[in-house]
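Next come the chains, spelled out residue by residue.
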Amino acid sequence: MSTDFKTAVALGSFDGLHKGHISVITCALSFKERGFVPLVLLFDKHPLLSLTGKAPAELLQVEERNRILSELGTQIKVISFDSVRNLPCRDFVKNILVDELKAGAVCCGWNFRFGKNNAGGCEELQKLCDEFGLELCVSDHIDVDGQPVSSSRIRRAIVDGNIRLANAMLGRDFGYKYTVVTGSQRGHLMGAPTINQYFGENFIIPKSGVYASYSIVNGKNYPSVTNIGLRPSFENEDLRSETCIIGFSGNLYGKEIEVRLLEFIRPERKFESSDELRRQIALDAKKSEEIFKKKEANGNVR
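Only a predicted model underlies this, so the values are computations on that prediction, with no experimental measurement involved.

**Let's talk about the state of the cysteines**
- Summed over all chains, the structure comprises one disulfide.
- Each disulfide pairs two cysteine sulfurs, and for Cys-27 the partner residue is Cys-137, the sulfurs being separated by 2.3 Å. Taken as a pair, Cys-27 in helix H1 (residues 19–30) and Cys-137 in strand E5 (residues 135–139) lie far apart in primary sequence, 110 residues in all.
- A residue is classified by how much of its surface remains accessible, and Cys-137, at 25% relative accessible area, is partly exposed.

**Focus: the sheet that holds strand E4 (residues 103–109)**
- If you trace the five strands from one edge of the open sheet to the other, you get E3-E2-E1-E4-E5, paired in parallel fashion. Sheet topology places strand E3 (75–79) and E5 at the edges, where each strand pairs with a single neighbour. Strand-to-strand twist in this sheet, taken as the mean axis angle between neighbours without regard to direction, amounts to 25°.
- Here strand E1 (residues 7–10) runs beside strand E2 (residues 37–43); their pairing, made up of four bridges, is parallel. Following the sheet pairing, Ala-8 is matched in E2 by Pro-38.

**Things to note about the layout of surface pockets**
- Approximately 1000 Å³ is the volume found for the largest pocket.
- Lining the largest pocket we find 41 residues, and of these Gly-12, Ser-13, Asn-111, Phe-112 and Arg-113 sit closest to its centre.
- Looking at the lining of the largest pocket, the elements with two or more residues in it are H1, E2, helix H2 (47–52) and helix H6 (151–159).
- Class assignment of the residues belonging to the lining of the largest pocket gives a composition of 18 nonpolar, 17 polar and six charged.
- Space inside the second largest pocket adds up to approximately 390 Å³.
- Taken together, 22 residues make up the lining of the second largest pocket; nearest its centre are Asp-15, Lys-45, His-46, Glu-58 and Arg-65.
- For the lining of the second largest pocket, the secondary-structure elements that each account for two or more residues are E2, H2 and helix H3 (62–72).
- In terms of residue count, the dominant contributor to the lining of the second largest pocket is E2 (three residues).

**Comments concerning helix H5 (residues 122–132)**
- Every buried residue of H5 is listed here: Cys-122, Leu-125, Leu-128 and Cys-129. The buried residues of H5 all sit within an arc of 120° when viewed along its axis, so they share a single face. Along H5, the residues that are exposed and aim more than 90 degrees away from the buried face are Glu-123, Lys-127 and Asp-130.
- Contact partners of the buried residues in H5: helix H4 (89–100), E4 and E5.
- Of the residues flanking the end of H5, it is Gly-133, one or two places downstream, whose phi is positive at about 75°.

**A closer look at the packing of H4 against H5**
- The contact between H4 and H5 brings their axes to 10 Å, and the two run at 50°. The orientation of H4 with respect to H5, classified from their angle, is oblique. Of the two possible hands of crossing, H4 and H5 adopt the one that is right-handed. Counted together, Cys-89, Arg-90, Val-93, Lys-94 and Val-98 of H4 and Leu-125, Leu-128, Glu-131 and Phe-132 of H5 form the full contact between these two elements.
- Looking at the contact of H4 with H5, its residues break down into six nonpolar, no polar and three charged.

What counts and what doesn't
- Residues numbered from 1 in each chain as written.
- Predicted model: local features only at pLDDT ≥ 70, side-chain atom pairs only at ≥ 80, totals over all residues.
- Heavy atoms only, no water.
- Disulfide = S-S within 2.5 Å.
- Helix = DSSP H or I, 4+ residues; strand = E, 2+ residues; numbered from the N terminus.
- Buried < 20%, exposed > 50% of the residue type's maximum accessible area, 1.4 Å probe, protein only.
- Pairing = 2+ DSSP bridges.
- Axes fitted to C-alpha atoms, helices over the stretch in contact; angles between N-to-C directions.
- 1 Å grid on protein atoms, 1.4 Å probe; cavity = no way out; pocket = protein on both sides within 12 Å on 5 of 7 lines; lining within 4 Å.
- Points joined across faces, edges and corners; volume = space filled by probe spheres on them.
- Nonpolar A, V, L, I, M, F, W, Y, C, P; charged D, E, K, R; others polar.
- Arc of directions from axis to C-beta.
- Contact = heavy atoms within 4.5 Å.
- Parallel < 35°, antiparallel > 145°, perpendicular 65-115°, else oblique.
- Left-handed = near helix turned anticlockwise from the far one by under 90°.

Note that every value here comes from positions in space, so none of it alone points to a role or purpose.
Here is the structure:
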């Protein structure tokens, strides 16, 4: 890469890589035609963790975020938020964007804030870009169901079990990838082998209940049904994701398996007998498989 290259820097939190974030990144990618290098600026931690001591629940694991960005064709630059949190707006543009990142263009969302105490918005950024000879591209908000897409709105949808809305705002199916741990083997006894997974620290926990889902094993999508919660039919349970992978047989213990949620089927409930639970599992699996096949046929599994 030559020493006189310029970057097109995408600015934002990118904590969910939802449709609004992708719009900003697409703007940066458009500068490729002019020889600019698309680059996404990321912080080493969520800004609210430094500012308030508590970060919002994560919507996306770091590995998945980086995979998506790589597939989009952008470079990634991670910097320490604490190193820039007290920079005045002009210093952020001059020191970080111009001097460090060699920006020739800047892309952000309509509600972007920057600088010490979030003092600057798009208007201030435009003035500074004019001063330093940078082009500015501001993406308008993306609406779903008549309201702007936002990470906080996606979190509320997931916590409420409204996975269909969350997926619509994300532009992909919400999911997670964790190591399969040994369970109690009850699934095998009931003819429905399952994988058990614990959620990572500070990762968002969907509403407890049963979901239509699909699981990715060795690059293949399998319809599945996932129970998230404490499984009230049994005592002394801890919160986990328990997924029955339909049509798969094999040992997945110790492997990292990705599960993606499609739709909330029903709340958790306590069953009076193993036979009653077995019948319900069969009904849940059938419904989940129908949902998966319909979405797959329409090209909506993503």
